[in-house]
Amino acid sequence: MTINEALAGILDETVTALRDLDSDALDALKQQIVTLAEFREKFEPDAAGLILTKRRLLEIVLQNCQANLDALTRLHARNMRKQWAQ
């Protein structure tokens, strides 16, 4: 397996773990990235298009997660204010 294939797989699994809110899977993926970085294999630029597409998908998922988290935080703050007013 090339570094590109490994990285593509990790990106796919990361999107799935975020979708499922699976923190254990995210921790395991973090360790896989650390291990992959230690091998110091060369990235194959010819297959960079696939990696960049998967990276963009992950970026969109993370942006949506942040937007949802911000909305939940605002709702929580609003509910807390109402509780204190009562």
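Throughout what follows, the structure given in this document is the object of discussion. (Residues numbered from 1 in each chain as written. Predicted model: local features only at pLDDT ≥ 70, side-chain atom pairs only at ≥ 80, totals over all residues. Heavy atoms only, no water.)

**Let's talk about unusual backbone geometry**
Leaving glycine out, the prevailing phi sign among residues is negative, and the prevailing peptide bond configuration is trans.
Argument step 1. The phi dihedral of Leu 21 is positive, around 55°, even though this residue is not glycine.
Argument step 2. Secondary-structure assignment places Leu 21 in the loop between α1 (3-20) and α2 (23-39).
Argument step 3. When its relative accessible area of 72% is taken as the criterion, Leu 21 is described as exposed. (Helix = DSSP H or I, 4+ residues; strand = E, 2+ residues; numbered from the N terminus. Buried < 20%, exposed > 50% of the residue type's maximum accessible area, 1.4 Å probe, protein only.)

**Observations concerning the pattern of salt bridges**
Argument step 1. Applying the stated criterion to the full structure yields 4 salt bridges.
Argument step 2. The shortest N-O distance in the salt bridge between Arg 19 and Asp 20 comes to 2.9 Å.
Argument step 3. Classification of Arg 19 by relative accessible area gives exposed; the value is 60%.
Argument step 4. Relative accessible area serves as the criterion here: at 44%, Asp 20 is assigned to the partly exposed category.
Argument step 5. Within the structure, one salt-bridge network assembled from shared partners comprises Arg 55, Arg 56 and Glu 59. (Salt bridge = Lys/Arg side-chain N within 4 Å of Asp/Glu carboxyl O.)

**Quick look at the nonpolar core**
Argument step 1. Counting 7 residues, the largest nonpolar core consists of Ala 8, Leu 11, Val 15, Leu 18, Ile 51, Leu 58 and Val 61.
Argument step 2. Only α1 and α3 (48-85) provide two or more residues apiece to this core.
Argument step 3. Looking at this core element by element, the count peaks at 4 residues for α1.
Argument step 4. The next biggest cluster of nonpolar side chains, apart from the first, holds 6 residues, and it includes Ala 6, Ala 17, Leu 29 and Leu 36. (Core = buried A, V, L, I, M, F, W, Y, C linked by side-chain atoms within 4.5 Å.)

Spatial relationships are all this shows, so hold off on functional conclusions.
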